[in-house]
Amino acid sequence: AAARLAAEQEVENLSGLSPNPEKDIFVVRENRTTCLMAEFAAKFLVPYDVWASNYVDLITEQADIPLSRGAEMKGRCGTNESELEISWLEQAYTLKLFFLKEGHNTSRGQEAFWRLGRIQFVYDTAERTYFKDAVSPGKHTASSHRLSALVTPAGKSYECQAQQTISLISSDHQKSVQLLLSEVRIQPFDITADFVFSEEHKCPVDQREQLEETLPLILGLILGLVIVITLCVYHIHHKLTANQVQIPRDRSQYKHMG
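Keep in mind that what you see is a predicted model, and the values were worked out from it rather than measured.

Draft legend 1. Summary view of the state of the cysteines. Under the criterion given, the structure shown has 2 disulfides. Each sulfur of the disulfide joining Cys35 and Cys77 lies 2.0 Å from the other. Since a negative S-S torsion denotes a left-handed disulfide, the Cys35-Cys77 link at about 75° is right-handed. Within this pair, whereas Cys35 is found in strand 3 (residues 33–51), its partner Cys77 is found in the loop between strand 5 (72–76) and strand 6 (81–88), the two being separated by 42 residues in sequence. A relative accessible area of 17% places Cys77 in the buried class. Along the chain, the cysteines that take part in disulfide bonds pair up as 1-2, 3-4, counted in sequence order.

Draft legend 2. View of the packing of aromatic side chains. As enumerated under the stated definition, the model contains 12 aromatic pairs in all. Taking 4.9 Å as the distance between ring centres and 80° as the angle between the ring planes, the aromatic pair formed by Tyr48 and Phe131 counts as edge-to-face. With Tyr48 in strand 3 and Phe131 in the loop between strand 8 (109–124) and strand 9 (139–143), this pair connects stretches of sequence that are 83 residues apart. Residue Tyr48 is classed as buried on the basis of its relative accessible area of 5%. Members of the aromatic cluster, each reached through a chain of ring pairs, are Phe44, Tyr48, Trp88, Tyr93, Phe121, Tyr123, Tyr130 and Phe131. Positioned over the ring face of Phe98 is Arg118, at 3.9 Å from the centre of the ring.

Draft legend 3. Layout of the side chain of Ser182. The residue Ser182 is located in strand 13 (residues 176–187) in this model. With residues up to four places along the chain from it excluded, the contact list for Ser182 reads Phe40, Ala41, Cys160, Gln161, Ala162 and Gln163.

Draft legend 4. Structural context of the nonpolar core. Phe40, Phe44, Trp88 and Phe121 are the most contacted members of the largest nonpolar core, which has 48 residues in total. The leading source of residues in this core is strand 3, at 9 residues. For Phe121, the residues in contact, after removing those within four places along its chain, are Phe44, Val46, Trp88, Tyr93, Thr94, Leu95, His140, Thr141, Ala142, Leu168 and Val177. Ile25, Met37, Ile191 and Phe197 belong to the second largest nonpolar core, which has 6 residues in total.

Draft legend 5. Summary view of the pattern of salt bridges. Summed over the entire model, instances satisfying the criterion amount to 15 salt bridges. One salt bridge connects Asp49 with Lys175, and the closest N-O pair in it is separated by 3.1 Å. Note that Asp49 is positioned in strand 3 and Lys175 in the loop between strand 12 (164–170) and strand 13, a separation of 126 residues in sequence. In this pair, the class of Asp49 matches that of Lys175, namely buried. One salt bridge in this structure joins Lys175 and Asp172, with 3.8 Å as the shortest N-O distance. Lys175 sits in the buried class, given a relative accessible area of 11%. Its relative accessible area of 9% is what places Asp172 among the buried residues. The network of salt bridges with common partners includes Lys23, Glu39 and Glu183.

What counts and how
- Residues numbered from 1 in each chain as written.
- Predicted model: local features only at pLDDT ≥ 70, side-chain atom pairs only at ≥ 80, totals over all residues.
- Heavy atoms only, no water.
- Disulfide = S-S within 2.5 Å.
- Helix = DSSP H or I, 4+ residues; strand = E, 2+ residues; numbered from the N terminus.
- Buried < 20%, exposed > 50% of the residue type's maximum accessible area, 1.4 Å probe, protein only.
- Phe/Tyr/Trp six-rings, centres within 6.5 Å; stacked < 30°, edge-to-face > 60°.
- Lys NZ or Arg CZ within 6 Å of the ring centre and 35° of its normal.
- Contact = heavy atoms within 4.5 Å.
- Core = buried A, V, L, I, M, F, W, Y, C linked by side-chain atoms within 4.5 Å.
- Salt bridge = Lys/Arg side-chain N within 4 Å of Asp/Glu carboxyl O.

Laid out in structure tokens, this is it:
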């Protein structure tokens, strides 16, 4: 059964389709149907210890680790749980994303949504591309704690162009690892068309930025409308008063009226 499942599952890294060299596109397909799609740019800020110049004290450096194009990936799709695992630089770094689909009661009744429920990042401080002379080099795991991110109504994809920061706690002396996500488009459930995201659900930051961009235009249109209405009222009022016959108040002027 496991062999048959593996044969039926396809995973694809389509990052070459993105014009942004920092953005990756991943697709998981099962039974010849797309069941998970993820597109985003990611970078990790990882603190690590190095020896000071006196070789007695420890100081903290920071590694900036981008998610590399051409990364290896695998995934799993389920009715209520889906996973995406991405590895790069010969598995020195591995990112795992765990998605959950749930329901909750609202005033409108039962509503379903999905969310990013857990993140796990495994990194090796012995890898020399991003870590320089780390003390006691080796593998560490940074994990999220009680995460509920990217909350999206069921049947929709999550979209957020703005950068988001998620904190992870590392097994390396409880250091805080920062995951920076940007240009995100993810859908782990209910994809109806092959290789096509469903209708997007924008993050609050994008919604606010969109409002800030359109608000001046809306205010300008309202102001223009007010000016036009004012001019129309003035013109009508002026026309009515101009056509109105003025009755002279001085009796001596009556003789000029014929």
